[in-house]
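# Coordinate inspection notes
Next come the chains, spelled out residue by residue.
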Amino acid sequence: MRVLLLIILSLSQLVFANDEIPSLKNDREGKSYYSGYVANFKIKHLLKKKTRTELLSIYQTALDNQNKNSFCAYSLNRDLISSGVDLKAFIYFLREENEIDDVTVKILLKANKVKTTEIYEKDDVFLAPLDNSDKNRAILKLIMSFESKFAQRSCFDEAYRNLKREILKINPKFTPSEFESLLYYGLNSNYLSEDLYTKLEQARENEIDLTALDLSSYQQKIRSLRTQYPLKDSFEKSDFVSQKVKKLHLSRRQKLFENYTDLQIILMGNVIKKLRERLEYDAVQILGFKDGVLQETLPLEPMERFRFAIKVLRKEMSLLAINSFFSGRSPDYIDLMTASFELGIIPASELEVVAGLEDIWNPKKTFWDKAGVWVRTFSTVATIAIPAPYGFIPALAIVAIEATVGKKKDTTKTDPTSIF
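### Quick look at the packing of aromatic side chains
Under the counting rule described, the total for this entry stands at twelve aromatic pairs. Seen from their ring centres, F146 and F156 are 6.0 Å apart, and the 80° between their planes marks the pair as edge-to-face. Here F146, found in helix α8 (residues 146–151), pairs with F156, found in helix α9 (residues 156–170); they are ten residues apart in sequence, far enough to count as distant. For the pair Y218 and F257, a centre-to-centre distance of 5.1 Å together with 85° between the ring planes defines the contact as edge-to-face. With Y218 in helix α12 (residues 215–228) and F257 in helix α13 (residues 252–259), the pair connects residues that are 39 residues apart, well separated along the chain. Among the aromatic residues, ring-to-ring pairing joins Y74, F146, F150 and F156 into one connected group.

### Some words on the pattern of salt bridges
Under the defined criterion, the tally for this structure stands at 29 salt bridges. Note that D101 is salt-bridged to R253, the shortest N-O span being 3.2 Å. Here R253 lies in helix α13 and D101 lies in the loop between α5 (87–96) and α6 (102–116), a separation of 152 residues in the sequence. Classification of D101 by relative accessible area gives buried; the value is 3%.

### Some words on the packing of α9 against helix α11 (residues 194–205)
Two elements in contact, α9 and α11, have axes separated by 11 Å at closest approach and are oriented at 80°. Taken together, the axes of α9 and α11 lie roughly perpendicular to each other. Residues F156, Y160 and L163 of α9 form the contact with α11, whose participating residues are K199, L200, A203 and R204. Of the residues assigned to the contact of α9 with α11, the class counts are five nonpolar, no polar and two charged.

### A short note on the pairing of strand β1 (residues 285–290)
Where β1 meets strand β2 (residues 293–299), six bridges bridge the pair, whose relative direction is antiparallel. In the sheet register, Q285 faces β2, and the bridge partner there is P299. In sequence, β1 turns back onto β2 through a hairpin of two residues, with D291 there showing a positive phi of about 55°.

### Considering the packing of helix α3 (residues 52–64) against helix α4 (residues 73–81)
Remark: α3 packs on α4, axes separated minimally by 9 Å, with the N-to-C direction vectors making an angle of 140°. For the pair α3 and α4, the sense of crossing is right-handed. Each of Y59, A62 and L63 in α3 lies in contact with α4, whose residues at this interface are L76, D79 and L80.

### Quick notes on a nonpolar patch on the surface
On the surface, a cluster of nonpolar side chains totalling about 370 Å² of accessible area is made up of L130, M144, Y185 and Y191. Among the secondary structure elements, Y191 is positioned in the loop between α10 (176–188) and α11. Classification of Y191 by relative accessible area gives partly exposed; the value is 41%.

### A word on the nonpolar core
In this structure, F90, I143, F146 and F257 are the most contacted members of the largest nonpolar core, which totals 95 residues. If one sorts the elements of this core by residue count, helix α14 (residues 262–279) sits on top with nine residues.

### With respect to the confidence of the model for the protein chain
Confidence along the protein chain averages 83 in pLDDT terms, with 79% of residues attaining 70 or more. Scored below 50 in pLDDT, residues 5–19 shows 16 contacts in the model against residues more than four places distant or in partner chains.

### Topic: α14
Over its 18 residues, α14 runs 26 Å from end to end, which matches the ideal 26 Å to within 8%, given 1.5 Å per residue. The buried fraction of α14 amounts to 14 of the 18 residues, a majority that puts the element mostly inside the structure.

### Things to note about the environment of V245
Note on placement: V245 falls in the loop between α12 and α13. For the pair formed by V245 and K255, sequence separation is ten residues and the distance between their alpha carbons is 7.9 Å. For V245, the contacting residues outside a window of four places in its chain are L250, S251, R252 and K255.

Reading the values: the criteria
Residues numbered from 1 in each chain as written. Predicted model: local features only at pLDDT ≥ 70, side-chain atom pairs only at ≥ 80, totals over all residues. Heavy atoms only, no water. Phe/Tyr/Trp six-rings, centres within 6.5 Å; stacked < 30°, edge-to-face > 60°. Helix = DSSP H or I, 4+ residues; strand = E, 2+ residues; numbered from the N terminus. Salt bridge = Lys/Arg side-chain N within 4 Å of Asp/Glu carboxyl O. Buried < 20%, exposed > 50% of the residue type's maximum accessible area, 1.4 Å probe, protein only. Axes fitted to C-alpha atoms, helices over the stretch in contact; angles between N-to-C directions. Parallel < 35°, antiparallel > 145°, perpendicular 65-115°, else oblique. Contact = heavy atoms within 4.5 Å. Nonpolar A, V, L, I, M, F, W, Y, C, P; charged D, E, K, R; others polar. Pairing = 2+ DSSP bridges. Left-handed = near helix turned anticlockwise from the far one by under 90°. Patch = residues over 30% accessible without salt bridge, like charges linked within 9 Å, V, L, I, M, F, W, Y side chains within 5 Å. Areas by Shrake-Rupley, 256 points an atom, 1.4 Å probe, with all protein chains shown as cover. Core = buried A, V, L, I, M, F, W, Y, C linked by side-chain atoms within 4.5 Å. pLDDT = per-residue confidence, 0-100. Expected span 1.5 Å × (residues − 1).

Written as C-alpha cells, this is what we have:
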C-alpha cells in the first residue's frame, strides 16, 4: 500500500510541474445540480448584456491570467467581476457551457459569498470575555501579520486556514467566539485596519477554515486522477453524479471530492473494479486441505458465484472503513459508484440503468418490494446483455437496494442446495 502511495505522489509531482493552466471543463457531470429557474433566469438576463462569444472570451482571458502554481477562486472571481456583469449569473453561464463543473461552481459561489458577506457592528454584551494573557497577545500579533505572513503568497482561503492552524498551536483551546472577540478588540484598539478586520470577519462568519477543498486542491485531485485513470471518453457524462445527496446541500460528486482524497477515490473505485472482475470469473471453487494436501474441490454454481461476489464486495466495503488511509471514514455504496464513474470504471450507460430504477430508490418500499422489482426488471429487460443474476448491472442494483434500506431478517426457508 505504501508503494502505491509513493507512486501516486510521484506521478502527481510530475503532473503539477506542468506550467499549463489547468482546465476547469466539465467532463463527468450531466445535468447540473444548479439547473433550475434561478440559474436560467440569471443566464437569460446576462445574455441580454453580452453575447456568449463575449462571455467566453472574458472567461478565457481571466483563466489565462491565473497563477499557474496556485489556482485561486478569489482571484478568478475578481477577474470575472471586472467585466461588469453579475458574477453569479456568469458562473451559472459557464456551467451551462460546460466550461466548469458543479464542484467548481460551488467553490466559486462560496468565495463570492465570503467576499459579499455584510459585517455588522458588534454588541459587546454578546462577545466572549477576553483576558490580557500572553497567549492572546501572541495571537493578536499573529493576526496583525496576516497580510505579510499568510496572504502575500497564498489564496485567501488557504491563508486563513494557515492562520487558524498557527493560532491553535499557540492555544489549542482557542474558541471561535474568542476569535470573534479578539478581532473586534483589535479593530477598536487600532491594531487591525477596518479592511483587514472585514476580511477576517467575513472568513470567520463563513467558517472557511472548515472547508478543505478549494480550487487549487480540487485541481490537484483532478490532475492526479486523470493522469492515472485517463478517461476513454471525456464527453461521457452522467446525471447520477450531479444529483442531490439526501439531507445534504451538495451533489454526489461534490460530496466525493469534499470528503475524499484522490488516493481514497482510487481505492474506492478499485473495489467496484474487483467486483466486475469477480462477476466475470469462469469458475469459483472452494478448496479443502488437510496437512497441506488438497482433499476436496467444491465448484460454485453461477448463482452462487454471484452471491460470492456480492459477499466479498460487502466485506471490502467494511474493510475500507478500517483502512489507515481512510482514518475511520466509512464510504457508502453511492460513494463507491460515484468514485468508479469518476475513474471510468463504470460507464455512464450502466450507471444510468441502475439510477433509472425509481422503485429501487423509493424509501416507501421495503427491501423485499425492491428486490422483487430487481428480479422482474433484470429477468425481462432485453437490453441487458447478460441476464440476471449473473451480470454487473444486476450486482450494482442489488447492493443499491441494500444501501437504501435496512435488510430485515430473512424468515424464508433456506435452500439446502445453496452454499451462499
